[in-house]
Each structure stands twice: as C-alpha cells, then as structure tokens.
Amino acid sequence: MTTIRADEALAQAYDGITAVVGDLDDAGLQRATRCQGWLVADLLLHVLGDAQRALVALASPADGPADVDDVSYWRDFPADDEASTRHAWWVRRSAAAFDSPGGIVRLWRDTAPAAVRAARSANPEGYVTTQGHVLRVPDFLATLTTEAVIHHLDLTPALPDAPLPGPLAVGVAVATMDGLLSDDTVRPTAWDDQDFLLKATGRVPLTDRDRLELGESAGWFPLLG
C-alpha cells in the first residue's frame, strides 16, 4: 500500500463515519449497533478513541524497525474477554457522561479531521508506536482504516438509510482480511466485500454453504473480533 493510498483511505473511512452520524438526532444516536450492549453514541466514542490515539502516535515518532505490519498487528492482538468487557463498560459510562449524545458527534467532528491531517503530514518512511507495537506509518494508518470500516458497518443495522463505507477504505479492510486468511483460501463466490467483512469479523455467522466452500479454512473464522 502506498502512503498516499493509506492516508486517503483513512480520510474516506472517517468521512464515512461522519456521514452516518453527522445528521442523527439524539434518538438516532441511541439506536442499537452490532456491538452487543453499545448504542450508536457508545460505538462512536470508541472510534473517537482511535482518532485520538492516532493523534498521539503520529505526533510521537518511534525508532524502527517495525515488529508488526498492518496484518500481523491483528494476529498478535490479545484476545482478552475480561479486558474487552471492562473496556465496553468504560465506553458506556464515558458516553453517558456527555450532556447529550450529540456532544460525542461534535467531538468526533473536531478530532477525526485532525487525525487525517496528521496522517497526511506524517513521514511516510517513519515509524510510530501504539498498543505496545512499532509499525510503519502506512501500516498504522491501515489498521485505523480497517477498524473504522468494520465499526462503520457496526453502526448501521438500525439505520437503514445510512451510507456504506467508501470503496478505497473498504479495499484496505478487505486486504487486511485476505492477509489474515491462509494463502490457499478461496472466498465463497456469493460473498461481496460487505459479506466478507461481516463474516470475517464474526458479525454474521458462516452458513453451511460457506463452510462447505471454505473447507478447512472455515476454522479460521472469525479472523478478528
């Protein structure tokens, strides 16, 4: 992935989330998402944390070499259900501390574009540290894009008129999932990119036909949570 593609994809991913939440009233921001127990406002606050993390990481260059790339970062991500439960509870309480759900949208509108500007200004040959790892800047941006695209899809089940993520951002997320699969895996022919992302992340279960077409590779699913 080139650096231009990486920062453009992140911009498209964050613009896509803004397009989903930007015009929602407080009732809309309190609709359910695909993330168990989280409302739209809760999930937006979680993604906001990624944009804030991007600002910190991009302003704090690290020495190389990288110890993970945009794919292996996810393989090495600790699967800690207890930590995830604590984080989910923290997010819900933090979101509830706002005077209204719209306050989270306003903070997102300020923070997400700033993260994109920082991404565009970052040294494409440089490194950053985040979540205990060192990554090349383009790979770091790809991890942010992948997470934003997945959570964009998480935001939309109760928002039938919401726009889908943009194609450049989706391409980054799909490339990540492809990288997490074994090289000889063939994606089921009926899947489009959205199907792949939802099933690869466990949002939608595999069907019997999916398992038949995937063969032994079905055991890899979900590729990330």
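Going by the structure above, here's the rest.
Calculation rules
Here the residue numbers are simple positions, counted from 1 along each chain's written sequence. In keeping with the predicted nature of the model, local features appear solely for residues at pLDDT of at least 70, side-chain atom pairs appear and are counted solely at 80 or more, and the whole-chain, interface and lining totals rest on all residues. Computation of side-chain values covers all heavy atoms of the structure but excludes hydrogens and water. The helix and strand labels rest on DSSP assignments: H or I over at least four residues marks a helix, E over at least two residues marks a strand, and numbering proceeds from the N terminus. Atoms counted for the radius of gyration: C-alpha only. Globule rule: 2.2 Å times residue count to the power 0.38. Each residue is placed in one exposure class: buried if its accessible area under a 1.4 Å probe, protein chains only, is under 20% of its type's maximum, exposed if it is over 50%, and partly exposed if it falls in between. The Shrake-Rupley method, run with a 1.4 Å probe sphere, supplies the accessible areas, and residue values consider only the shown protein chains as cover. Nonpolar cores are built from buried Ala, Val, Leu, Ile, Met, Phe, Trp, Tyr and Cys residues. Side-chain atoms within 4.5 Å join them into one set. The contact rule is simple, with two residues in contact once any of their heavy atoms fall within 4.5 Å. Axis geometry follows a simple rule: fit a line to the C-alpha atoms, using only the stretch in contact for helices, then measure angles between N-to-C directions, giving values from 0 to 180 degrees. Throughout this description, any angle smaller than 35 degrees is read as roughly parallel, any larger than 145 degrees as roughly antiparallel, any in the 65 to 115 degree range as roughly perpendicular, and the remainder as oblique. Gly is put with the polar residues, along with every residue not named as nonpolar or charged; the nonpolar set is Ala, Val, Leu, Ile, Met, Phe, Trp, Tyr, Cys and Pro, and the charged set is Asp, Glu, Lys and Arg. Salt bridges, as used here, are contacts in which a Lys or Arg side-chain nitrogen is within 4 Å of a carboxyl oxygen on Asp or Glu. Strands are labelled as partners when DSSP assigns at least two bridges between them. Geometry of aromatic contacts follows a simple scheme: Phe, Tyr and Trp rings, the Trp one being its six-membered ring, pair when their centres are within 6.5 Å, and the pair is stacked under 30 degrees between planes, edge-to-face over 60, tilted otherwise.

### Section: the overall build of the protein chain
A count of helical and extended segments in the protein chain gives 9 helices and 3 strands. For the protein chain, the N- to C-terminal ordering of α and β elements is α-α-β-α-α-α-β-β-α-α-α-α. A globule of 225 residues ought to have a C-alpha radius of gyration of about 17 Å, and the protein chain, at 17 Å, matches this closely. By principal-axis analysis of the C-alpha atoms, the protein chain measures approximately 50 × 45 × 35 Å. Buried residues in the protein chain amount to 49% of all 225 residues. About 11,100 Å² of surface is accessible on the protein chain, with carbon and sulfur atoms providing 51% of the total.

### Some words on the nonpolar core
One finds Tyr14, Leu58, Trp108, Phe140, Leu141, Met177 and Leu197 to be the most contacted residues of the largest nonpolar core, which totals 66 residues. Of all the secondary structure elements, the ones that give two or more residues to this core are helix H1 (3-21), helix H2 (40-58), helix H3 (72-75), helix H4 (81-96), helix H5 (102-121), helix H6 (137-155), helix H7 (167-180) and helix H8 (193-200). Not counting residues within four places of it along the chain, the set of residues in contact with phenylalanine 140 comprises Arg53, Ala54, Ala57, Leu58, Val128, Thr130 and Leu135.

### Structural notes on the packing of H2 against H4
Geometry of a packed helix pair, given as the angle between the helix axes and the separation of the axes. Packing of H2 against H4 leaves a shortest axis separation of 9 Å and a crossing angle of 110°. Judged on the interaxial angle alone, H4 and H2 are roughly perpendicular. Contacts between H2 and H4 involve Ala41, Asp42, Leu45 and His46 from the former and His87, Val91, Arg92, Ser94 and Ala95 from the latter. Split by residue class, the contact of H2 with H4 holds 4 nonpolar, 3 polar and 2 charged.

### Structural notes on the pattern of salt bridges
In total, this model carries 7 salt bridges according to the counting rule given. Linking arginine 136 and aspartate 139 is a salt bridge whose minimum nitrogen-to-oxygen distance equals 3.4 Å. Relative accessible area serves as the criterion here: at 34%, arginine 136 is assigned to the partly exposed category. Across the pair arginine 203 and aspartate 154 runs a salt bridge, and its minimum N-O distance is 2.7 Å. Placement of the pair is arginine 203 in the loop between H8 and helix H9 (208-214) and aspartate 154 in helix H6, with a sequence separation of 49 residues.

### Some points on the sheet that holds strand S2 (residues 127-130)
Within the open sheet, the 3 strands sit side by side as S1-S2-S3. Their pairing is antiparallel. Because the sheet does not close on itself, it has two edges, and the strands there are strand S1 (61-62) and strand S3 (133-136). Bridge count between S1 and S2: 2 bridges; the pairing is antiparallel. By the bridge assignment, proline 61 is partnered in S2 with valine 128. Contacting S1 and S2, H2 crosses the sheet at an angle of about 135° to S2. Strands in contact with H6 are S2 and S3; relative to S3, the strand with the most contacts, it is inclined by about 105°.

### Quick notes on the packing of aromatic side chains
Summed over all chains, the structure comprises 4 aromatic pairs. Between tyrosine 14 and tryptophan 108, the aromatic rings sit 5.0 Å apart at their centres with planes inclined by 70°, giving edge-to-face as the arrangement. Remark: tryptophan 108 occurs in helix H5 and tyrosine 14 occurs in helix H1; sequence separation between them is 94 residues. Look at tyrosine 14 and you get buried, because its relative accessible area is 1%.

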